[in-house]
Amino acid sequence: MARRTKEDALATRHKLLDAAEHLFQAQGVSRTSLQDIARRAGATRGAVYWHFKDKADLFNAMMERVTLPMENAFNQENDLQQNLGTPSLNSIDRIRLSTVNALRQIVTDAQTRRVFEVATQKVEYVEELQAVRLRHLAVRGGFLLGIEQAVATAAGQMNLQLPVSASAAAQGLHALIDGLIQNWLLDPEAFDLLEIGQLAIDVYLRGLGFPGAPAAAGPRGAGK
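Position labels on residues start from 1 in each chain and follow its written sequence. Side-chain atom pairs in this predicted model are given and counted only at pLDDT of 80 or more, local residue features only at pLDDT of at least 70, and totals for whole chains, interfaces and linings cover all residues. Side-chain numbers come from the whole structure's heavy atoms, not from hydrogens or water.

A. Seen up close, the packing of helix H6 (residues 91-108) against helix H10 (residues 193-207). Only the stretch in contact is used when fitting a helix axis, every axis being a line fitted to C-alpha atoms; angles between N-to-C directions are given from 0 to 180 degrees. Strands are runs of DSSP state E lasting at least 2 residues, helices are runs of H or I lasting at least 4, and numbering of each runs from the N terminus. Following both chains from N to C, one finds H6 and H10 inclined at 160°, their axes separated by 9 Å at the closest point. Taken together, the axes of H6 and H10 lie roughly antiparallel to each other. Considering the relative orientation of H6 and H10, their crossing is right-handed. Contacts between H6 and H10 pair Ile 92, Arg 96, Thr 99, Val 100, Leu 103, Arg 104, Ile 106 and Val 107 from the former with Leu 193, Leu 194, Gly 197, Gln 198, Ile 201, Asp 202 and Leu 205 from the latter. Class assignment for the residues of the contact of H6 with H10 results in nine nonpolar, three polar and three charged. Oblique is the label for any angle not under 35 degrees, not over 145, and not in the 65 to 115 range, which are roughly parallel, roughly antiparallel and roughly perpendicular in turn. Crossing handedness follows the turn of the near helix against the far one: under a right angle anticlockwise gives a left-handed crossing, and clockwise gives a right-handed one. Residue contacts are defined here by distance: any two heavy atoms, one from each residue, within 4.5 Å place the two residues in contact. Only Asp, Glu, Lys and Arg are considered charged in this grouping, and only Ala, Val, Leu, Ile, Met, Phe, Trp, Tyr, Cys and Pro are considered nonpolar; every other residue, Gly among them, is considered polar.

Right, dumping it as structure tokens:
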């Protein structure tokens, strides 16, 4: 019985998150109430407060459901390389591969695309959503630190003198990726996010002095 109750609670939680995704996308975060979300999920307002402290807590849970797997993957060795028994990727190729995998997920997975659209186009950092802003800053900070460390490590391994600091290089790469995603979400027909993303990232890393991407990692070999 206890197991069943836990499963029911988890199912309700996911229904609430699903409802929030769709309502936030359709009418914006500020204009969506917790009552709206409860009604869409076929639940009570009390059920919302059982699972989430407030709207910001619900929003952050919605983001984490999609983005945490991507964030974790960015900081791990590539599973494909391990499964094939090939040597581990160097830091720069891992940046390339992890970024491309993230772009591919945004392009091919409707839920990921919907959540990123909400996060970039449908949220205002008003007082009730300050916790959302703080999470955004924390995620960005973690991403920047990971990139900075990877760039510095790769430069050391290759005995490369970077034209800018590793911190500045990380800021630039983050701005490039973030800009690509936001502009593509505004108009997905404007360009191929995966192809242009790979090309832009490769050009950027070449500009820092790193070798170009291996042929198999280029746009034509990206599983398109």
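On we go.
B. Region of interest: the nonpolar core. Of all hydrophobic cores here, the largest spans 28 residues; its most connected members are Ile 92, Ile 95, Val 151, Leu 162, Ile 181 and Phe 210. The set of elements that each furnish at least two residues to this core consists of H6, helix H8 (130-157), helix H9 (166-186) and H10. Among the elements that make up this core, the one with the highest residue count is H9 (nine residues). For Ile 181, the contacting residues outside a window of four places in its chain are Leu 103, Ile 106, Phe 116 and Leu 193. Definition used in this section: a nonpolar core is a set of buried Ala, Val, Leu, Ile, Met, Phe, Trp, Tyr and Cys residues joined via side-chain atoms within 4.5 Å. Remark: exposure states derive from per-residue accessible area (1.4 Å probe, protein chains only) relative to the maximum for the residue type, with buried under 20%, exposed over 50%, and partly exposed in between. Of all hydrophobic cores here, the second largest spans 25 residues; its members include Phe 24, Val 29, Leu 34 and Ala 41.

C. Looking closely at unusual backbone geometry. Even without glycine at this site, Asn 159 takes up a positive phi of about 55°. Assignment of secondary structure puts Asn 159 in the loop between H8 and H9.

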